[in-house]
Amino acid sequence: MKGILSRNLRRAATAIAVASAATLAFTGTASAATGAATASGSEVYGSANWTWTFSGMTGINMAVRDTKCDGNPVYVFFEADLGMGTIDPTPYRWNESGCGTTSYWSNLKYNSGTKLSRVRVVTCVDDAGWDTCYRSGWQYNR
């Protein structure tokens, strides 16, 4: 009895391995989806690109340019839609170097802790009162 059970387990394992190999041979390897977006106004320009994961993004590259000589710093970040009306802002990335300068960040990561359905890039000017902000369209994690 013990020998028959062991033999059946070996056969099942072999069948699974063969099926898995056949699936990979016909479908190839899956490539990760990428995203990119820009957000800008007359005072600021920001952009980002990334690779999607189930719950976030990896390989994020961001940049923000101060396009107006007004003495106000600018910044860029993502708004991540976590569902059920929850929008999670990522950390702000600041450019305080002044008119005509661009600040860059690369190889950043973001993990929402849940299925991430969409994000948008936000660029802002740190001006008097409420900051002036511009948003990209939503980019969807497919």
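The structure we're discussing is the one just above.
Residues numbered from 1 in each chain as written. Predicted model: local features only at pLDDT ≥ 70, side-chain atom pairs only at ≥ 80, totals over all residues. Heavy atoms only, no water.

> Is there a simple way to think about the overall build of the chain in this case?
Within the chain, the regular secondary structure consists of 1 helix and 10 strands. Listing each helix as α and each strand as β along the chain from the N terminus yields α-β-β-β-β-β-β-β-β-β-β. Split into buried and exposed, the 142 residues of the chain put 31% on the buried side. Looking at the chain alone, contacts between residues at least 24 apart form 55% of all its contacts between residues at least 6 apart. Carbon and sulfur atoms provide 56% of the accessible area of the chain, an area that totals close to 8,700 Å². (Helix = DSSP H or I, 4+ residues; strand = E, 2+ residues; numbered from the N terminus. Buried < 20%, exposed > 50% of the residue type's maximum accessible area, 1.4 Å probe, protein only. Contact = heavy atoms within 4.5 Å. Areas by Shrake-Rupley, 256 points an atom, 1.4 Å probe, with all protein chains shown as cover.)

> Sorry, what's going on with the nonpolar core here?
Nonpolar side chains in soluble globular proteins tend to end up buried together. Counting residues in each nonpolar core, the largest one holds 21 residues, and the members touching the most others are Trp50, Met57, Ile60, Met62, Phe78, Val119 and Val121. Secondary-structure elements contributing two or more residues to this core are strand E1 (34–40), strand E2 (44–53), strand E3 (56–66), strand E4 (74–83), strand E7 (102–111) and strand E8 (118–125). When sequence neighbours within four positions are dropped, the list of residues in contact with Phe78 reads Ala48, Trp50, Met57, Ile60, Met62, Asp88, Pro89, Thr90, Val119, Arg120 and Val121. (Core = buried A, V, L, I, M, F, W, Y, C linked by side-chain atoms within 4.5 Å.)

> Before we go on, may I ask you to explain the state of the cysteines in this structure?
Each disulfide is one covalent bond, formed between the sulfur atoms of two cysteines. Per the stated rule, a full pass over the model turns up 2 disulfides. Paired through a disulfide, Cys124 and Cys133 show a sulfur-sulfur distance of 2.0 Å. One disulfide, between Cys124 and Cys133, carries an S-S torsion of 110 degrees and so falls in the right-handed class. For Cys133, a relative accessible area of 29% puts it in the partly exposed group. Sequence-ordered numbering of the bonded cysteines in the chain yields a pairing of 1-2, 3-4. (Disulfide = S-S within 2.5 Å.)

> Teacher, can you tell me more about the pattern of salt bridges here?
Pairs may arise between side chains of opposite charge once their charged atoms sit close together. For the structure on display, the rule yields 3 salt bridges. Residue Arg120 is joined to Glu79 by a salt bridge in which the shortest nitrogen-to-oxygen separation is 2.6 Å. Residue Arg120 is located in strand E8, and its partner Glu79 is located in strand E4; the two are separated by 41 residues in the primary sequence. In this pair, the class of Arg120 matches that of Glu79, namely buried. In this structure, Arg118 engages Asp81 in a salt bridge whose closest nitrogen and oxygen atoms are separated by 2.6 Å. Of this pair, Arg118 sits in strand E8 while Asp81 sits in strand E4, and the two are 37 residues apart along the sequence. Via salt bridges that share partners, Glu79, Arg120 and Arg135 belong to a single interconnected network. (Salt bridge = Lys/Arg side-chain N within 4 Å of Asp/Glu carboxyl O.)

> So what exactly am I meant to see when it comes to unusual backbone geometry here?
Both trends apply: most residues other than glycine have a negative phi, and most peptide bonds are in trans. Unusually for a residue other than glycine, Met84 sits at a positive phi of about 55 degrees. Relative to the elements of secondary structure, Met84 occurs in the loop between E4 and strand E5 (86–89). Overall, Met84 belongs to the exposed group, its relative accessible area being 86%. Of note in the backbone geometry, Asn107 takes a positive phi value of approximately 55 degrees without being a glycine. With respect to the secondary-structure elements, Asn107 resides in strand E7.

Purely geometric numbers; function is a separate question.
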